Amino acid sequence: MNPIMDAPLAAAALFAGYALLPTGCCFGRQYCRRMKRRRDPRLFLTFDDGPSVRYTGAFLDLLRDYQIHATFFVVASFAGDNPELIARMRQEGHLVCLHSYAHADGWLEPPAKTEQDFRQSLAVMDALNQRVRYYRPPFGLLSLSAVRELRRYGLSPVLWDVMTQDWRGDTSAQIIAGKLLRRAKGGRIICLHDGRGTNCAPGRTLEALKMTLPVLLRAGYRFDTIDHYEA
């Protein structure tokens, strides 16, 4: 065997074991759960990449108007800069969860960096008096190092069933709303974004929700937080 020729294959195998396998297993479990919950009348509305001082308050206002509780997967560095928004989420009955410290791609981080990310994230959340139980990896990408840290801290990974690409700069509120109405089915976890994105993306997501929430509620759906997903 030629060691030079085998090097790319070995690297590919290592990458598959380190990143592709844990991510694939996580999405596989999510798909199986979705198949079991097709008759569930609930939808699980989740938000990533906040809190945003510009947008998150408006999302909270909208949810309050419709008496909907949602799940916020917050970036810990943003949460530390906006403690009043974290407190408001908690006070208004929303579930606060973790979306890493700085939204770095977990596949590209070495194990020591992944360990540091979790340690920093949880230190911030502890300082905010916010216990977290659930974690959504940035870009939905899990590594073996992340799995180890999840076990160390007793966190459960949560992905999604519905994505609308609402972070894109070339989409519109109407397109996002159309995707939501087509893809939102009973028992599904919906992933939207209250922070980051391109060209003021969260503002379009907010407008899309203003269009779709009344429709979904009239259709008989009710909304719940992810800690009640298995109930």
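Here the residue index of a chain counts from 1 through its sequence in written order. Since the coordinates come from a predicted model, pLDDT governs what is reported: local features require at least 70, and pairs of side-chain atoms require 80 or more to be given and counted, while whole-chain, interface and lining totals use all residues. Values shown for side chains rest on all heavy atoms present in the structure; no hydrogens or waters enter the calculation.

A. Inspection of the overall build of the chain at higher detail. Per the secondary structure count, the chain includes eight helices and eight strands. Atoms counted for the radius of gyration: C-alpha only. Globule rule: 2.2 Å times the number of residues to the power 0.38. In terms of C-alpha radius of gyration, the chain reaches 18 Å, essentially the compact-globule figure of 17 Å for 231 residues. Referenced to the eigenvectors of the C-alpha coordinate spread, the extents of the chain come out at roughly 65 × 40 × 40 Å. For every residue, the accessible area (1.4 Å probe, protein chains only) is compared with the maximum for its type, and the residue is labelled buried under 20%, exposed over 50%, or partly exposed between those bounds. With 231 residues in all, the chain has 51% of them scored as buried. Only heavy atoms enter the contact rule, under which two residues are in contact if any of them lie within 4.5 Å. Sequence-distant contacts in the chain: of pairs separated by 6 or more residues, those separated by 24 or more amount to 80%. A total of about 11200 Å² of accessible surface is found on the chain, and carbon and sulfur atoms cover 56% of it. Per the convention used, a helix needs a DSSP run of H or I reaching at least four residues, while a strand needs a run of E reaching at least two, with both numbered from the N terminus. For accessible areas, the Shrake-Rupley method is used with a probe of radius 1.4 Å. Any residue's cover is judged against the shown protein chains and nothing else.

B. Region of interest: the pattern of salt bridges. Criterion for a salt bridge: a side-chain nitrogen of Lys or Arg within 4 Å of a carboxyl oxygen of Asp or Glu. Overall, the coordinates contain 14 salt bridges when judged by the stated rule. Put simply, Asp61 and Arg88 hold a salt bridge, and the shortest N to O gap is 2.5 Å. Here the residue Asp61 occupies a position in helix α2 (residues 56–65), and Arg88 occupies one in helix α4 (residues 83–91), the gap between them amounting to 27 residues. Through salt bridges with shared partners, a single network forms among Asp61, Arg64, Asp65, Arg88 and Glu92.

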